[in-house]
Amino acid sequence: MQSERISTKHKARSTKLLHASRITLYAFFLTFYVSSAFGVVETFDLEAVEGETLSLSHPFVLLESEEVFLIQKGESLSGEWLNGLNQNGQLLKRERDYTIDYEQGIIVLKPITNYQLPSTHYKIGIRYHFFPFQIRESYHHKTPSPRGSRDPPMRDTNHESRVTSQSFDPPTPSTLFLSGSKSLGITFGSGQNLSLDQSLRVNITGRVEDVEVNAVLSDENTLLQPEGTTETLESLDEVLVEIKSTSGGLSATLGDYNLSLGESEFGRVERRLQGGMAGAQFSRGSVLLAGALSRGKFTTNRFFGVEGRQGPYPLVGKDGEREIVVIAGSEKIYLDEILLKRGERNGYTIDYSSAEITFTPRVLITPRSRILVEFEYFTEEYRRSLYGGRGTSTFDIQHSTFNIGTTFFREGDSPNSPIGVSLSDEDRAALSIAGDDTSKAWVSGAALVDSGLGDYVQKGDTFEFVGYQQGNYLVTFTDVGDGNGEYEFIGNGFQFVGPDSGRYVPRIRLPLPNRKSFLAFDLSGEIAEGVQVRGEVAGSERDLNVLSSRDDGDNLGKAGSISFDLNPEAGLLPGSWGRLGLKGKFRSVEERFEYPGRGRDLQYEDRWNVKVGRGKENLGEVTVSYGRG
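Report on the accompanying structure. (Residues numbered from 1 in each chain as written. Predicted model: local features only at pLDDT ≥ 70, side-chain atom pairs only at ≥ 80, totals over all residues. Heavy atoms only, no water.)

## Comments concerning the overall build of the protein chain
Here is step 1 of the chain: A tally of regular secondary structure across the protein chain gives six helices and 38 strands.
Here is step 2 of the chain: A burial count over the protein chain gives 34% of its 629 residues as buried.
Here is step 3 of the chain: The long-range fraction of contacts in the protein chain, counting pairs at least 24 apart against all pairs at least 6 apart in sequence, stands at 63%. (Helix = DSSP H or I, 4+ residues; strand = E, 2+ residues; numbered from the N terminus. Buried < 20%, exposed > 50% of the residue type's maximum accessible area, 1.4 Å probe, protein only. Contact = heavy atoms within 4.5 Å.)

If you want it as structure tokens, here you go:
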């Protein structure tokens, strides 16, 4: 039978979302209803109030939360005593012995005929819960007039009439526009089971008083990534909520967003994140804070083109990994320092799953073509978190204005949240003594189990495959390349072939959880008319194994730069001599310094004729310009 697919689309509101919203709303009010009530115990003298009214200290008593009881004078109101009210037989009953107005907090006692007790020895105790807020009897936007009344309100003629002029600003109308689509699909056919596919996309835009709202919800019920053949990507699973105040300079972003910190010379950061970001603009400065889960690792690839080859060009990970998956939309591709656009009608296309880029006929690739690719790729080792932000401030000193800025950034693996492996206490102990050396982070891949539950048996120092669930060992093998291992996969299992004769070893390499931090301070301003200066100092920390204190002596690195710019119009020379301009920059970077992103300009390699990489830098340049007329 030929496979068929039936798909139906309709606009806007999904019944499933509506029901989920109602359930969430009810749960919220129920939680608020219970958690907002406070408990208290009060006592009253029996001889003074019997048959009279008791006014509690707090109105708005929680419905049926009260306990009215008799207590002997001098009795301690301990928690154990209060919990035994029913057993002690001293608890009064509602309607029989008293009535209560929950809203006003008033209790009226009836004649207590069931308790023939001397009033001079007993008191009335009341334990109850109340709401810690005041509720008015009515709420309204404008005072309503009696139905059918057309006469103006009467004035009190016995008092002097006073008219006060007040300005009234009508509230800003709230407008939210909701649009979207919901599709359902049924797939069936020969050789496959019936399956139900669904997709949902909702867009919310508008304004609530002085707050602008922009929200996108996309759920395609699939783990596939978008195709990298078009200029605009349609994200398959995306949640984005942007809120911006039109009056206070405040903004917030939640969900999937792009973080860009580009003001710092050493701390340029571009990341595709999933989390939250908040910003504030002030008259003399600004603040931006971001916290999120990083989807993967950031790296750069630099290479030259090949004559007559438009692609595909494979991308590799930070440590040379070849089988990687690029995060969709995270790439930036520069050809000869020009940023290209994605798409078959533009500069390139990319296969995110195989990590390959292909240039379109619109751009010519030659052996002189310098290609720079910045991207992020998925990792299957640990969950990664990221925190970053920047703050700026402006201040004046003797008629000169200066700008000071601070950039911080921290990104790393969470050693308590591994993804691809499960770390035991023995694994953590092995990582603690491995330091930064990945060759020492190996553990045995063999696990002893009950007979009949394993696939291998041990013979001396080797393992022999005896069949599925025919042995007493479960063994995990790792591919280390041809000629580097001692096992080969033959038939249905791994067989020992001798040292350095195979490509597999019965061991597991534990991934090292790493972390890097960055902090920079920059200052810029005009120290004299026509003379601009800028300086920055930065420090970084790169820990290749956060579970080990070994090899931590090379974690810290420093960098700094200072530059000046003398405008030719500043009049450094007398007017008849012409105009002289002067620019200079000095930069120093330690070998251990770690950039959080791309720390150098695109023209760096050509300008200094050096290959980009980790290493010590001490650079200086001065530019002089002269003109007449």
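Moving on from the coordinates now.
## Considerations on the sheet that holds strand E15 (residues 296-304)
Here is step 1 of the chain: Spatially, E15-E21-E17-E18 is the arrangement adopted by the four strands of the open sheet, whose pairing is antiparallel. One side of each edge strand has no neighbouring strand; the edge strands of this open sheet are E15 and strand E18 (338-339).
Here is step 2 of the chain: Relative to strand E21 (residues 370-378), E15 runs antiparallel, the two sharing nine bridges. Paired with Thr299 across the bridge in E21 is Phe375. (Pairing = 2+ DSSP bridges.)

## What about the pattern of salt bridges?
Side-chain pairing between opposite charges can occur once the charged atoms of the two side chains come close.
Here is step 1 of the chain: By the definition in use, this model includes 22 salt bridges.
Here is step 2 of the chain: Arg127 is paired through a salt bridge with Glu67; the nearest N and O atoms lie 2.4 Å apart. Within this pair, whereas Arg127 is found in strand E7 (residues 122-130), its partner Glu67 is found in strand E4 (residues 67-72), the two being separated by 60 residues in sequence.
Here is step 3 of the chain: Of the residues examined, Glu67 reaches a relative accessible area of 23% and is grouped as partly exposed.
Here is step 4 of the chain: Here Glu464 and Lys459 are joined by a salt bridge, their closest N and O atoms 2.7 Å apart.
Here is step 5 of the chain: For Glu464, a relative accessible area of 29% gives the class partly exposed.
Here is step 6 of the chain: Bridged by salt links that share partners, the residues Glu263, Arg390, Asp522, Arg534 and Glu536 form one connected network. (Salt bridge = Lys/Arg side-chain N within 4 Å of Asp/Glu carboxyl O.)

## Focus: unusual backbone geometry
Phi is mostly negative for residues that are not glycine, and the peptide bonds are mostly trans.
Here is step 1 of the chain: Following Gly311, the chain continues to Pro312 via a peptide bond in cis, the omega torsion being 0°.
Here is step 2 of the chain: The phi angle at Asp336 is positive, at roughly 50°, despite the residue not being glycine.
Here is step 3 of the chain: Tracing the sequence through the fold places Asp336 in the loop between strand E17 (332-335) and E18.
Here is step 4 of the chain: Look at Asp336 and you get partly exposed, because its relative accessible area is 32%.
Here is step 5 of the chain: With a phi close to 60°, Asp551 is a non-glycine residue in the positive phi region.
Here is step 6 of the chain: Along the chain, Asp551 turns up in the loop between strand E35 (531-543) and strand E36 (556-566).

## As for the sheet that holds strand E5 (residues 98-101)
Paired through their backbone hydrogen bonds, the strands of a sheet run either parallel or antiparallel.
Here is step 1 of the chain: Pairing is antiparallel in the open sheet, where three strands are placed in the order E3-E6-E5. Only two strands of the sheet have a single neighbouring strand rather than two, namely strand E3 (53-55) and E5. Taking the axes of each pair of neighbouring strands and ignoring which way they run, one obtains an average angle of 20° across the sheet.
Here is step 2 of the chain: Relative to strand E6 (residues 106-109), E3 is paired through three bridges, and the arrangement is antiparallel. In the sheet register, Thr53 faces E6, and the bridge partner there is Val108. (Axes fitted to C-alpha atoms, helices over the stretch in contact; angles between N-to-C directions.)

## Quick notes on the pairing of E35
Here is step 1 of the chain: The pairing of strand E34 (residues 515-528) with E35 spans 13 bridges and is classified as antiparallel. When the sheet's bridge partners are listed, Glu526 is paired in E35 with Gln532.
Here is step 2 of the chain: Counting the residues between successive antiparallel strands, the hairpin from E34 to E35 contains two residues, one of them, Gly530, with a positive phi of roughly 85°.
Here is step 3 of the chain: Note: E35 against E36, 11 bridges, orientation antiparallel. Bridging from a neighbouring strand, Glu541 pairs with Leu556 of E36.

## Overview of the side chain of Glu331
Here is step 1 of the chain: Its place among the elements puts Glu331 in the loop between strand E16 (313-314) and E17.
Here is step 2 of the chain: For Glu331, a relative accessible area of 6% puts it in the buried group.
Here is step 3 of the chain: Polar contacts involving the side chain of Glu331 include one to the side chain of Arg342, which spans 2.7 Å.
Here is step 4 of the chain: Only 2.9 Å separates the side chain of Glu331 from the side chain of Tyr348, close enough to count as a polar contact. (Polar contact = N/O pair within 3.5 Å; in protein donor to acceptor, adjacent residues only side chain to side chain.)

## Looking at a nonpolar patch on the surface
Here is step 1 of the chain: On the surface, Phe282, Val287, Leu289, Tyr387, Phe408, Leu519, Phe521 and Val537 cluster together into a nonpolar patch covering about 750 Å² of accessible area.
Here is step 2 of the chain: Those elements giving two or more residues to the nonpolar patch turn out to be strand E14 (285-294) and E34.
Here is step 3 of the chain: Overall, Phe282 belongs to the exposed group, its relative accessible area being 53%. (Patch = residues over 30% accessible without salt bridge, like charges linked within 9 Å, V, L, I, M, F, W, Y side chains within 5 Å. Areas by Shrake-Rupley, 256 points an atom, 1.4 Å probe, with all protein chains shown as cover.)

## A word on helix H5 (residues 425-434)
Here is step 1 of the chain: Looking at H5, one finds that the buried residues are Asp427, Ala430, Leu431 and Ala434. Seen from one end, H5 has its buried residues packed into an arc of 100°, which puts them on one side. Exposed residues pointing more than 90 degrees away from the buried face of H5 are listed as Asp425 and Glu426.
Here is step 2 of the chain: Buried residues in H5 make contact with strand E22 (382-397) and strand E24 (442-444). (Arc of directions from axis to C-beta.)

## Observations concerning the packing of aromatic side chains
Here is step 1 of the chain: One pass over the structure, following the stated rule, counts 15 aromatic pairs.
Here is step 2 of the chain: Plain terms: the ring middles of Phe463 and Tyr473 are 5.4 Å apart, the flat faces sit at 65° to each other, and that makes the pair edge-to-face. Here Phe463 is found in strand E27 (residues 462-465), whereas its partner Tyr473 is found in strand E28 (residues 473-475), with 10 residues between them in sequence. Pair check on accessibility: Phe463 and Tyr473 agree, each one buried.
Here is step 3 of the chain: Taken together through their ring pairs, the aromatic side chains of Tyr456, Phe465, Phe477, Tyr487, Phe489, Phe494, Phe496 and Tyr504 make up a single cluster.
Here is step 4 of the chain: Geometry around Tyr313 places Arg309 over its ring, the cationic atom sitting 4.5 Å from the centre.
Here is step 5 of the chain: The lysine or arginine in question, Arg507, covers the ring of Trp442, its NZ or CZ lying 4.9 Å from the ring centre. (Phe/Tyr/Trp six-rings, centres within 6.5 Å; stacked < 30°, edge-to-face > 60°. Lys NZ or Arg CZ within 6 Å of the ring centre and 35° of its normal.)

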